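Examining the three-dimensional arrangement
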Amino acid sequence: MWSEISQRQDKAESVAQIAPGHLPAASKKDTRMETFLEVEQLSKTYVEGKPVFDGVSFGIERGEFVCIIGHSGCGKTTVLNVLAGLDQASSGHVFMDGREVLGPSLERGVVFQGHALMPWLTVRQNIAFAVRSKWPEWSRAQVDEHVCKYVKLVGLESAIDKKPSQLSGGMKQRVGIARAFSVQPKMLLLDEPFGALDALTRGSIQDELIDIVRSTGQTVFMITHDVDEAIFLADRILLMSNGAQTAQGYLPGGIAEVVLNTLPAERKRAGLHHLDGYYELRNHIVDFLVSRAKPQDGH
Amino acid sequence: MNSSLRLKSSLLSLLILTVLLAVWQIATQPRLAAPTATVTLTPEQIEYQKMLGKDPAASSTSAEAGKGAGFPTPMQMAQTIYKHLSDPIYDNGPNDKGIMIQLAHSLARVGLGFALACLAAIPLGFVIGMSPLLYRAFDPFIQVLKPISPLAWMPLALYTIKDSSISGIFVIFICSVWPMLINTAFGVASVRRDWLNVAATLELSAPRKAFEVILPAAAPTILTGMRISMGIAWLVIVAAEMLVGGTGIGYFVWNEWNNLSLTNVIFAVLVIGVVGMLLDLSFARLQKWVTYVE
């Protein structure tokens, strides 16, 4: 079926280009490093003896779109922040492109839940701010040209000189996406970017996002609460369970299952629910969320 | 809608002013009962009153206008205001200077003390705000030093600095420093996590992070602190100049009180109010300029 255990086998083909000199901690695990992003035995503990999640391991191939679904409090955002380098895991390692992730970097663009635009800058200045960080040697004209290109990509040419406060929620999130793409990161991390948007806006931004991702071959890791969004966007969906107190003692949260999306790659949002296998896929994920994601309910 | 509200409020303000002036006029009007009283006085009684220094005839006819003594009427007040404003810049020695010269002295002291306070408080506040360790370490000192009346520093300042003019500037400095320091530290410490995360993922250098993210984010709070400081500084300069003497609007008030010229004192009080308002307005303008809508 499309369902796999989290300890899945690595794909045979090597997509990551590994520079031999850059493998300090990982050289002993050569087979593992073929994956573009490798997460190994991640755990995060706030209360001693009761880790929020433990033993989280997964890989992401270059150009792959991976969604993670789980209830609030299971630690999805923490996982994403660790991948971004904004948070430290209690134990475990993250490797990207053969190098360990030890802090934030321009190689990993982040789209934040609350757009996180600087309210005192216009759309143009917000994106230029990011572009200048990546290419400080660029001239003003070069930066502006690059900014315009990415603003156009998300269809906001008309609002380019507006402040974020003058934009709708969907437009702000578009700017956030354009900003993340503009620095051309090796990997894009999205923290539930469409959570606060209405269904119509969400749909159209999803379309834009998938178009950009497909045309650029961007590797994406995204948190979502929306099952349909995950099915539409993701190549693989990680199902994450909450930590819980069970009859057998405390059970930390973690990746309970990895679901491979078997729907055709060129799927359209409008016809999604007519595709063969859509309902099986959807039911499987919803069943997980309802009965298995929180062990104290299901077991 | 908006313009009609403005019109109504202006009319109401005007009405309040008229009522206040009328009350003032009535309260300071020469006693009308006095002339009738003189009629009933016997010549001996008038003689006795004159010996006491009270001339019933003079006080009723000239309506106490002879000297600056007593509370002025609105008309006398207007004359004084006109007199001062028509010749604002002159210098006839230490006790007779034009109002603009006195004001300039006060503003220069406030400006200098305030500028020095900015130079000290804003960078220090920035550092304290960025470091939770320093925030906690400095907090007890700030909490103890903040409530001290700036004038209480005056003897220490006079003793150590040995110059009354610089002591005045020091007093302005010490009273302006705290609101700016506290607001800057608070503004810097409460910059939204999201923006700092953006700065981190963009690998910003420390100076770029400070000047392009934290400073604009904290600017409205910092300016609020500066505005409060300026308000306090303008309150304190009057008291400080009364103590150190020599020049300034505060000294002018004290000097005119010693001259028993209430008219001049009232004039100075009005000038202090108007200048204070203008200072506050200019900071409000600046504040509006750096404020952003989220």
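Predicted model only: the values in this text are computed from it and were never measured. (Residues numbered from 1 in each chain as written. Chains lettered and ligands numbered in written order. Predicted model: local features only at pLDDT ≥ 70, side-chain atom pairs only at ≥ 80, totals over all residues.)

Before going further, it helps to spend a moment on the overall build of chain A. Of the regular secondary structure elements, chain A holds eight helices and 13 strands. Residues counted as buried form 43% of the 299 residues belonging to chain A. Expressed as a percentage of contacts within chain A between residues at least 6 apart in sequence, the contacts between residues at least 24 apart total 70%. (Helix = DSSP H or I, 4+ residues; strand = E, 2+ residues; numbered from the N terminus. Buried ≥ 20, exposed ≤ 12 C-beta atoms within 10 Å, placed from the backbone. Contact = placed C-beta atoms within 7 Å.)

A tally of helices and strands in chain B yields 13 helices and zero strands. Taken from N to C terminus, the helices and strands of chain B fall in the order α-α-α-α-α-α-α-α-α-α-α-α-α. For chain B, the C-alpha radius of gyration of 27 Å lies well beyond 19 Å, the compact-globule estimate for 294 residues. When the backbone C-alpha atoms are referred to their principal axes, chain B occupies close to 95 × 60 × 35 Å. Counting all 294 residues of chain B, 28% fall into the buried class. (Rg over C-alpha atoms; globule rule 2.2 N^0.38 Å.)

This part covers the nonpolar core. Formed by 132 residues in total, the largest nonpolar core has its most connected members in A:Ile127 and B:Ile172. A total of 15 residues in this core trace back to one element, the largest contributor, which is helix 11 (residues 206-244) of chain B. In this view, A:Ile127 contacts A:Val147, A:Tyr150, A:Val151, A:Ala178, A:Arg179 and A:Ser182; residues no more than four positions away in its chain are not counted. (Core = buried A, V, L, I, M, F, W, Y, C linked by C-beta atoms within 7 Å.)

Next up on the list: the packing of helix 6 (residues 99-130) of chain B against helix 9 (residues 164-189) of chain B. Residues and elements named next belong to chain B. Two numbers describe how helix 6 lies on helix 9: the axes approach to 7 Å, and their chain directions differ by 30 degrees. Taken together, helix 6 and helix 9 sit at an angle that is classed as roughly parallel. The handedness of the crossing between helix 6 and helix 9 is right-handed. When the residues that make up the contact of helix 6 with helix 9 are grouped by side-chain class, the tally is 23 nonpolar, seven polar and one charged. (Axes fitted to C-alpha atoms, helices over the stretch in contact; angles between N-to-C directions. Parallel < 35°, antiparallel > 145°, perpendicular 65-115°, else oblique. Left-handed = near helix turned anticlockwise from the far one by under 90°. Nonpolar A, V, L, I, M, F, W, Y, C, P; charged D, E, K, R; others polar.)

The next subject is the domain arrangement of chain B. On domain assignment, one finds that chain B holds domain 1 (2-64) and domain 2 (99-290). For domain 1 of chain B and domain 2 of chain B, the distance between their C-alpha centroids amounts to 43 Å. (Domains from an automatic or database assignment.)

The subject of this paragraph is the sheet that holds strand 3 (residues 53-60) of chain A. Residues and elements named next belong to chain A. Overall, antiparallel pairing links the four strands, which are arranged 3-2-5-6 in an open sheet. One side of each edge strand has no neighbouring strand; the edge strands of this open sheet are strand 3 and strand 6 (99-100). Summarising the sheet, strand 2 (residues 37-44) and strand 5 (residues 91-96) pair through five bridges and their orientation is antiparallel. Within strand 5, the position partnered with Val39 by the bridge is Val94. Relative to the sheet, helix 1 (residues 76-84) contacts strand 2, strand 3 and strand 5, its axis offset from that of strand 2 by approximately 125 degrees. (Pairing = 2+ DSSP bridges.)

Turning our eyes to something else, we now look at helix 3 (residues 43-51) of chain B. The buried fraction of helix 3 of chain B amounts to zero of the nine residues, a small share that puts the element mostly on the outside. One or two residues past the end of helix 3 of chain B sits B:Gly53, with phi positive at roughly 95 degrees.

What follows deals with the interface of chain A and chain B. Taken together, the contacts link 17 residues of chain A with 13 residues of chain B. Secondary-structure elements contributing two or more residues to the side of chain A that touches chain B are strand 7 (108-111) and helix 2 (123-134) of chain A. Here the side of chain A that touches chain B gets three residues from one element, more than from any other, and that element is strand 7 of chain A. When grouped by side-chain class, the residues that make up the side of chain A that touches chain B number eleven nonpolar, five polar and one charged.

Residues and elements named next belong to chain B. The geometry of helix 11 relative to helix 12 (residues 249-258) is characterised by a closest axis approach of 6 Å and an angle of 55 degrees between their N-to-C directions. The orientation of helix 11 with respect to helix 12, classified from their angle, is oblique. In the packing of helix 11 onto helix 12, the handedness of the crossing is right-handed. Seen from helix 11, the contacting residues are Ile237, Val238, Ala239, Ala240, Glu241 and Met242; seen from helix 12, they are Ile249, Gly250, Tyr251, Val253 and Trp254.

Residue and element names in this part refer to chain B. Residue-level pLDDT values for chain B average 86, and 91% of them are 70 or greater. Low pLDDT, under 50, characterises residues 60-68; the predicted model gives this stretch twelve contacts beyond four residues in sequence or across chains. Reported for the predicted complex are a pTM of 0.79 and an ipTM of 0.81. (pLDDT = per-residue confidence, 0-100.)

A word on the domain arrangement of chain A. Residues and elements named next belong to chain A. By the assigned domains, chain A splits into domain 1 (38-107 + 186-299) and domain 2 (117-184). Taking the mean C-alpha position of each, domain 1 and domain 2 sit 27 Å from one another. In this assembly, eleven residues from domain 1 lie in contact with 13 residues from domain 2.

Residues and elements named next belong to chain B. Phi angles above zero are rare outside glycine, and Lys162 is one such case at about 60 degrees. With respect to the secondary-structure elements, Lys162 resides in the loop between helix 8 (154-161) and helix 9. A positive phi angle, close to 60 degrees, is found at Leu260, a residue other than glycine. Relative to the elements of secondary structure, Leu260 occurs in the loop between helix 12 and helix 13 (262-290). Classification of Leu260 by C-beta neighbours within 10 Å gives exposed; the count is 12.

So, about helix 10 (residues 193-201) of chain B. Inspection of helix 10 of chain B places B:Val198, B:Ala199 and B:Thr201 among the buried residues, and these make up the whole buried set. B:Glu203 sits one or two residues past helix 10 of chain B and shows a positive phi near 50 degrees.

When pLDDT is averaged along chain A, the result is 83, and 87% of the positions lie at 70 or above. This stretch, residues 3-33 of chain A, has a pLDDT under 50; its non-local contacts, to residues over four places away or in other chains, come to 45 contacts.

Okay, the pairing of strand 7 of chain A next. All names here are of chain A. Along strand 7, one buried face is formed by Arg108 and Val110 and the opposite face, lined by Gly109 and Val111, is buried too. Judged from the four bridges that link them, strand 7 and strand 8 (residues 187-191) form a sheet pairing that is parallel. Looking at strand 8, one finds that Gly109 is bridged to Leu188.

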